[in-house]
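# Summary of the model geometry
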Amino acid sequence: MLNCASSRSVANPERVTLRIAWFATAKGTSSRLLLRTALDAIRVGQLDAEIVCVVCNRAAGHSANTDAFLDDVRMAGIPLIAESARDWRRRVGGAPSSPASGLEPWRRDYDRRLLNAITPHAPEVGMLAGYMMILTDVICEALPCLNLHPALPDGPIGAWQDVIRHLIRERAERSGMTLQRVTTELDRGPTVTWAQYPIRGTRWAPFWRALGDGPDSEAALFRAIREAGVAREPTFVLQSLQAIASEPTILDRPDGREITESVEAAIGSTVD
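Parameters and conventions
Note that residues are indexed from 1 along each chain, following the sequence as it is written. Residues qualify for local features only when their pLDDT is at least 70, as the model is predicted, and side-chain atom pairs are given and counted only at 80 or more; totals for whole chains, interfaces and linings, by contrast, use all residues. Side-chain descriptors were evaluated using all non-hydrogen atoms of the structure, hydrogens and water having been removed beforehand. Burial classification: accessible surface area is computed with a 1.4 Å probe over protein chains only, and a residue below 20% of its type maximum counts as buried, one above 50% as exposed, and the rest as partly exposed. In DSSP terms, a helix is any run of H or I states spanning at least four residues, a strand is any run of E spanning at least two, and both are numbered starting from the N terminus. At least two DSSP bridges between two strands are required for those strands to pair. Think of each axis as a best-fit line through the C-alpha atoms, taken over the contacting stretch in the case of a helix, with angles from 0 to 180 degrees between the N-to-C directions. The labels follow the angle: roughly parallel below 35 degrees, roughly antiparallel above 145, roughly perpendicular from 65 to 115, and oblique for the rest. By definition, turning the near helix anticlockwise from the far helix through less than a right angle yields a left-handed crossing, and turning it clockwise yields a right-handed one. The contact criterion used is simple: two residues touch if any of their non-hydrogen atoms lie within 4.5 Å. Residue polarity follows a fixed list, in which Ala, Val, Leu, Ile, Met, Phe, Trp, Tyr, Cys and Pro are nonpolar, Asp, Glu, Lys and Arg are charged, and the others, Gly among them, are polar. When a carboxyl oxygen of Asp or Glu is within 4 Å of a side-chain nitrogen of Lys or Arg, the pair counts as a salt bridge.

This next bit is on the pairing of strand 7 (residues 191–198). Burial runs high along strand 7: eight of the eight residues are buried. Across seven bridges, strand 6 (residues 174–181) lies against strand 7 in antiparallel orientation. Bridging from a neighbouring strand, T178 pairs with W194 of strand 7. In the sheet, strand 7 pairs with strand 8 (residues 257–258) via two bridges, with the strands oriented parallel. Opposite W194, over in strand 8, you have E258 as the bridge partner.

Between two packed helices, what matters for the description is the angle formed by their axes and the separation of those axes. Remark: helix 8 (residues 219–246) packs on helix 9 (residues 260–267), axes separated minimally by 10 Å, with the N-to-C direction vectors making an angle of 125°. The orientation of helix 8 relative to helix 9 falls into the category oblique. With respect to the hand of their crossing, helix 8 and helix 9 are arranged in right-handed fashion. For the pair helix 8 and helix 9, contact is made by A231, R232, T235, F236 and Q239 and by S262, V263, E264, A266 and I267, respectively. Of the residues belonging to the contact of helix 8 with helix 9, the class tally is five nonpolar, three polar and two charged.

What follows concerns the pattern of salt bridges. One pass over the full model with this rule turns up 17 salt bridges. Linking E83 and R91 is a salt bridge whose minimum nitrogen-to-oxygen distance equals 3.7 Å. The class of E83 is buried, set by a relative accessible area of 13%. Between D87 and R86 there is a salt bridge, with its nearest N and O atoms 3.2 Å apart. Several salt bridges share partner residues, and in doing so they unite R32, R36 and D72 into one network.

Encoded structure:
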């Protein structure tokens, strides 16, 4: 359960410089962690922002994780826009969409429904924190939206599972995460902030040595890379949003800003 009654900072309730529409699919458990981290930071005055609404493309009854996330939002007193994309598609008789085949026409209608619900809350940015649907131009051209992508700016695209498989296949030295401006080009929007971390070194050596030809040989390394990313994501999102709140022009920087040092310091990481 969240320990705040509102997303507005109690430290200085009149000083709110960034109004955020928070997007999440809430299929897994990380969505709750990311939202809780942001709300706690706002509550204690570490993040100068207000989450003015939460948007979820799933509805109550989809899964236990989704239900818990939606309950958290309601307990926090944040306006909730929970519109099941699956149910919408079935209701209008639309075909499933995929990046490979292109987005079906119903997707723009669905996003228009979301935008109409979001607009009265007057957000300045949208934060996609584990939102597993591609935004159409209907939303991303009307509202500056930010996407957390679990790779370096020039790294692999796709879901986090695809990114980790790519890193293992290429025997990469480093991974990272990027906050991007959302465009209609999947995972290739302009970089706002980014941070990196090693996946080699003393503590990583046993995982890499265990790689073999068996189907399960990469499981431990896969989990370790995922855990390293998850451990940093909430801090990375928080510090990125605060950077935007403090300096809105960061959204328009051509190469973004690296915040590796502050993220690693905040989580108490040491590089071996």
